[in-house]
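If you want the building blocks of each chain, they are given just below.
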Amino acid sequence: MITTGVAFDFDWLSWSTSILLLIVLYTCLLVALYRLVLAPYYSLASLTEALKMEDYTLRAKSPFTQGIVASLFDELSSLSQSLQINKSRYDQQMFLLYGLIEQLDSPVLILDQKAQLKHANPAVSILFSVPWQTLKQRSAKSLGLEIRNGLWHLSEDNPFNMTTTWQIRQSEFKENNHNYHLLMLNNITQELQKNEQQAWQNIIRILNHEVRNSLTPISALSQNLLEMPDLTSQQCQQAIKIIDSRSNNLLQFIDSYSDLAKLPLPNYQRFDLAELLQGIASLVQHVTMSFSEALFINADKAQLEQVLLNLIKNAHEAQHSNKDLEQHSTRNIEVQMFKTSQKVVIKVLDQGCGIANSANLFVPFYTTKAKGSGIGLALSRQIITNHKGELSLANRTDKQGAVAVMTLPFYLC
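Cut-offs and rules
- Residues numbered from 1 in each chain as written.
- Predicted model: local features only at pLDDT ≥ 70, side-chain atom pairs only at ≥ 80, totals over all residues.
- Heavy atoms only, no water.
- Core = buried A, V, L, I, M, F, W, Y, C linked by side-chain atoms within 4.5 Å.
- Buried < 20%, exposed > 50% of the residue type's maximum accessible area, 1.4 Å probe, protein only.
- Helix = DSSP H or I, 4+ residues; strand = E, 2+ residues; numbered from the N terminus.
- Contact = heavy atoms within 4.5 Å.
- Patch = residues over 30% accessible without salt bridge, like charges linked within 9 Å, V, L, I, M, F, W, Y side chains within 5 Å.
- Areas by Shrake-Rupley, 256 points an atom, 1.4 Å probe, with all protein chains shown as cover.
- Salt bridge = Lys/Arg side-chain N within 4 Å of Asp/Glu carboxyl O.
- Axes fitted to C-alpha atoms, helices over the stretch in contact; angles between N-to-C directions.
- Parallel < 35°, antiparallel > 145°, perpendicular 65-115°, else oblique.
- Left-handed = near helix turned anticlockwise from the far one by under 90°.
- Nonpolar A, V, L, I, M, F, W, Y, C, P; charged D, E, K, R; others polar.
- Phe/Tyr/Trp six-rings, centres within 6.5 Å; stacked < 30°, edge-to-face > 60°.
- Lys NZ or Arg CZ within 6 Å of the ring centre and 35° of its normal.
- Pairing = 2+ DSSP bridges.
- Expected span 1.5 Å × (residues − 1).

Student: What is the right way to read the nonpolar core from this model?
Tutor: Where a protein is soluble and globular, its nonpolar side chains tend to be buried together. Ranked by internal contacts, the top residues of the largest apolar core, which has 32 residues, are Leu273, Ile297, Leu304, Val335 and Val348. For this core, the leading source of residues is helix α7 (residues 301-320), giving 6 residues. Every residue in contact with Val348, bar those within four places of it in the chain, is listed here: Leu311, Ile312, Ala315, Ile333, Glu334, Val335, Ala402, Val403 and Ala404. Grouped together as the second largest cluster of nonpolar side chains are 18 residues, Val124, Leu127, Leu135 and Leu145 included.

Student: Hey, could you run me through a nonpolar patch on the surface in this one?
Tutor: Together, Trp15, Ile19, Leu22, Ile23 and Leu25 give the surface a local cluster of nonpolar side chains, amounting to about 540 Å² of exposed area. Tracing the backbone through its elements, the reader meets Ile23 in helix α1 (residues 2-52).

Student: I keep staring at the packing of helix α6 (residues 273-283) against α7 and nothing clicks. Help me out?
Tutor: For any two helices packed against each other, one specifies the inter-axial angle together with the distance between the axes. At a closest axis distance of 11 Å, the pairing of α6 and α7 adopts a crossing angle of 45°. Here α6 is positioned oblique relative to α7, judged by the angle of their axes. Crossing of α6 against α7: the hand is right-handed. On α7, the residues that touch Leu276, Leu277 and Ile280 of α6 are Lys301, Leu304, Glu305, Leu308, Leu309 and Ile312. Its residues placed into classes, the contact of α6 with α7 shows 7 nonpolar, no polar and 2 charged.

Student: Honestly, the packing of aromatic side chains in this entry has me stumped. Any pointers?
Tutor: Geometrically, a pair of aromatic rings is defined through the distance of the ring centres and the angle of the planes. Applying the stated criterion across every chain yields a total of 1 aromatic pair. Between the aromatic rings of Phe173 and Tyr180, the centroid separation amounts to 5.6 Å while the plane-to-plane angle is 25°, which identifies the pairing as stacked. This pair shows no difference in class: Phe173 is buried, exactly as Tyr180 is. A cation sits over an aromatic face here: Lys118 above Tyr180, 4.8 Å from the ring centre.

Student: Please explain the sheet that holds strand β11 (residues 343-349) as it appears in this structure.
Tutor: Each strand in a sheet pairs with another by means of backbone hydrogen bonds, the pair being arranged parallel or else antiparallel. With respect to topology, 5 strands assemble into an open sheet ordered β8-β10-β11-β13-β12, the strand pairing being mixed. Edge positions in the sheet fall to β8 (287-290) and β12 (390-395), since each has one partner strand and no second. Taken pair by pair, the neighbouring strands of this sheet meet at an average axis angle of 15°, ignoring direction. Pairing of β12 with strand β13 (residues 402-409), which is carried by 6 bridges, proceeds in the antiparallel orientation. The residue bridging Ser392 from the neighbouring strand is Val405, located in β13.

Student: Got a minute to help me understand helix α2 (residues 68-103) in this structure?
Tutor: The periodicity of an α-helix, 3.6 residues per turn, causes residues three or four positions apart to be oriented the same way. Here α2 contains 36 residues, and its C-alpha end-to-end distance of 52 Å stays within 8% of the 52 Å for a straight helix at 1.5 Å per residue. Listed as buried for α2 are Val69, Ala70, Phe73, Leu76, Ser77, Ser80, Met94, Tyr98 and Ile101.

Student: Is there a simple way to think about the pattern of salt bridges in this case?
Tutor: Pairing is possible between side chains of opposite charge, provided their charged atoms come close. Here the structure, examined in full by the defined rule, presents 4 salt bridges. Measuring nitrogen to oxygen at the nearest pair gives 2.9 Å for the salt bridge that ties Glu317 to Lys313. In this pair, Glu317 and Lys313 both sit in helix α7, 4 residues apart, roughly one turn of the helix. Take Lys313: its relative accessible area is 44%, and that puts it in the partly exposed class. Arg396 serves as the salt-bridge partner of Asp398, at 2.9 Å between the closest nitrogen and oxygen. Here Asp398 falls in the exposed class, since its relative accessible area comes to 53%. For Arg396, a relative accessible area of 13% gives the class buried.

Encoded structure:
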């Protein structure tokens, strides 16, 4: 009985040891099988997922040197490298795109898929008179934009009171698997004014050429006739003097309009605008200046001084034409200067009769003055336009009179 028990214990231990060895061998086999068969496919799955997420930096090494699995690893690695190169090029293109947008004078807005503002350029800040960063994530509707018939338009009740005529050019692009709308706003009013100005300049050049060619010999002949000793008829001499006088007057008239066609571009220099206004106030009587601090800008000092003097001169003439102010002729012209976050504003306010016909204010040759040439306001607006600013005239709302408003972009400061 004892011998039989010992034999039974020995068989059980052998059997347990065999089972344990089989388990170990099976585990090693599974590990080897995982490493040789399953692990490469998990690596391929991770690499594919990375490519899907546009992460092209992940690399996986094949455990095999040849075969279909090794070829698949090589193809995915090559694809990842190619996509990384393409993404790098795309990122450079997007960097150039955003850099170009920053340099454009026209307002450019980028809206995301939810039609919310994602990015804009400094021109948008000037347009809305607030830094565009404060408008980020604002909806297109809150910015005065809406889609009609698949195209973007300015809404009639836009909150920023953009009264000028704008044209919207639109495009779409994709970045990081997201679609974006790119909107560029073009101020058609400025383009129309520019084309109108060029047309007037061409007309002036033609008038200058044709009239001068006709008047110059007439003036010369009349001078020669006046100097002839045998010309005794007093009536004839008087007629020739009239011809000579009118010829000279017409030549001077043409010369004054030539300034509009030959206006040079601004010669930018840094100066204190407040100091310039103080200098003008010391030269012109009955002018009250209102500004709080010094303001340095980069502009053509002589041209801006010319514009301000012309606006103040017009304001004085408007007040003298108002018979209701004859007993209060010492009432001052008011000049205000202030700055906003994006603009420098100068206002010239008078208490004259106001503006009766605002449509032709800036048309060359048009004037309501008996001795006016109709060149001052047209020349002034061209100077301000060359400074990327705006000049407007309107009737005052607080009292009788007119107000001239000159705005300059804040980047000149």
